[in-house]
Amino acid sequence: GAVGIGGLEEKNLNLEAALYIYDRLNQLGIATKLTRKEDEYLPKEERVKKVLSLYDNSPNVLLISNHINAGGAEGAEVVYSLKNNSTFADLILDNIGEKGQIKRKTYQRRLPENPNKDYYYILRETGNVEPVLIEYGFIDNINDAKKLKNNIKEYAEGVVKAITEYIGVKYIPPDNNKYIVKEGDTLYSIAKKI
């Protein structure tokens, strides 16, 4: 992924957002799986293969693809598949906006050589699942870089809230004073998380 102002790396922010969303959804009792849990590179074909194997290509699955944009602009965007409407994407963008990020737009993007297909591989090749690609901000914009560095978990919480609203599960805000110790935790790892 992109590297931005101050050496901020997209791959680290994406993973931080994904792990946060994963933990929060599990806290809320929502079945959740990750395509990666650590800093590893998965080619796009492997990511799609993993997605489809995790949930057997079910239309009742929401796929969140976390990204950080580049290009100098400012704000969050959410891309949704041609096979879906904008409802879920709009909820995500609104909730990220409530966390303080500028809302740019939700949109679909078509493959130039075949306008009946999605431009983004993760949206185009993931079968029946309902995918969204979230761009939390622009890593090469000084304002967004500061926000991303300090608020990525807040934006990820906005995604969690959007998911609960979309699937009709009661949203419970995080209790930032409480942490459930998991096997393998150390005091250092717990302190780093909270």
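Look above for the structure.
Residues numbered from 1 in each chain as written. Predicted model: local features only at pLDDT ≥ 70, side-chain atom pairs only at ≥ 80, totals over all residues. Heavy atoms only, no water.

## Concerning the pairing of strand 3 (residues 103-107)
Here is step 1 of the chain: With four bridges connecting them, strand 2 (residues 76-80) and strand 3 associate as parallel partners. Residue pairing for strand 3: Ala 76 is matched across the bridge by Lys 103.
Here is step 2 of the chain: Between the parallel elements strand 2 and strand 3, the chain passes through helix 3 (residues 87-98) in a crossover that is right-handed. (Pairing = 2+ DSSP bridges. Helix = DSSP H or I, 4+ residues; strand = E, 2+ residues; numbered from the N terminus. Right-handed = clockwise from strand over helix to strand, strands pointing away.)

## Quick word on the environment of Thr 32
Here is step 1 of the chain: Positionally, Thr 32 belongs in the loop between helix 1 (10-27) and helix 2 (44-55).
Here is step 2 of the chain: Assessed through its relative accessible area of 18%, Thr 32 is described here as buried.
Here is step 3 of the chain: Residues Thr 32 and Val 61, spaced 29 residues apart in sequence, show a C-alpha to C-alpha distance of 9.5 Å.
Here is step 4 of the chain: Residues contacting Thr 32, with those up to four places away along its chain left out, are Tyr 22, Leu 25, Asn 26 and Tyr 55. (Buried < 20%, exposed > 50% of the residue type's maximum accessible area, 1.4 Å probe, protein only. Contact = heavy atoms within 4.5 Å.)

## Remarks on helix 5 (residues 142-167)
Here is step 1 of the chain: In a regular helix each residue adds 1.5 Å, so 26 residues correspond to 38 Å; helix 5 covers 35 Å between its end C-alpha atoms and thus fits that length.
Here is step 2 of the chain: Its axis deflected by about 75° at Asn 151, helix 5 carries its strongest bend there.
Here is step 3 of the chain: N-capping of helix 5 is provided by Asn 141, with a side-chain oxygen placed 2.8 Å from the backbone N of Asn 143.
Here is step 4 of the chain: Just downstream of helix 5, Gly 168 is the residue with a positive phi angle, here 80°. (Expected span 1.5 Å × (residues − 1). Bend = angle between axes of the 7 residues up to and from the residue. Polar contact = N/O pair within 3.5 Å; in protein donor to acceptor, adjacent residues only side chain to side chain.)

## Description of the sheet that holds strand 2
Here is step 1 of the chain: Taking strand neighbours across the sheet as the criterion, the four strands line up as 1-6-2-3 in an open arrangement whose pairing is mixed. Of all the strands in the sheet, the pair left with one neighbour each is strand 1 (62-69) and strand 3. Strand after strand, the sheet turns through a mean of 15° between neighbouring axes, direction not considered.
Here is step 2 of the chain: On top of the sheet, helix 3 reaches strand 1, strand 2, strand 3 and strand 6 (130-138); it is set at about 170° to strand 3, its chief contact.
Here is step 3 of the chain: Strands in contact with helix 5 are strand 1 and strand 6; relative to strand 6, the strand with the most contacts, it is inclined by about 155°. (Axes fitted to C-alpha atoms, helices over the stretch in contact; angles between N-to-C directions.)

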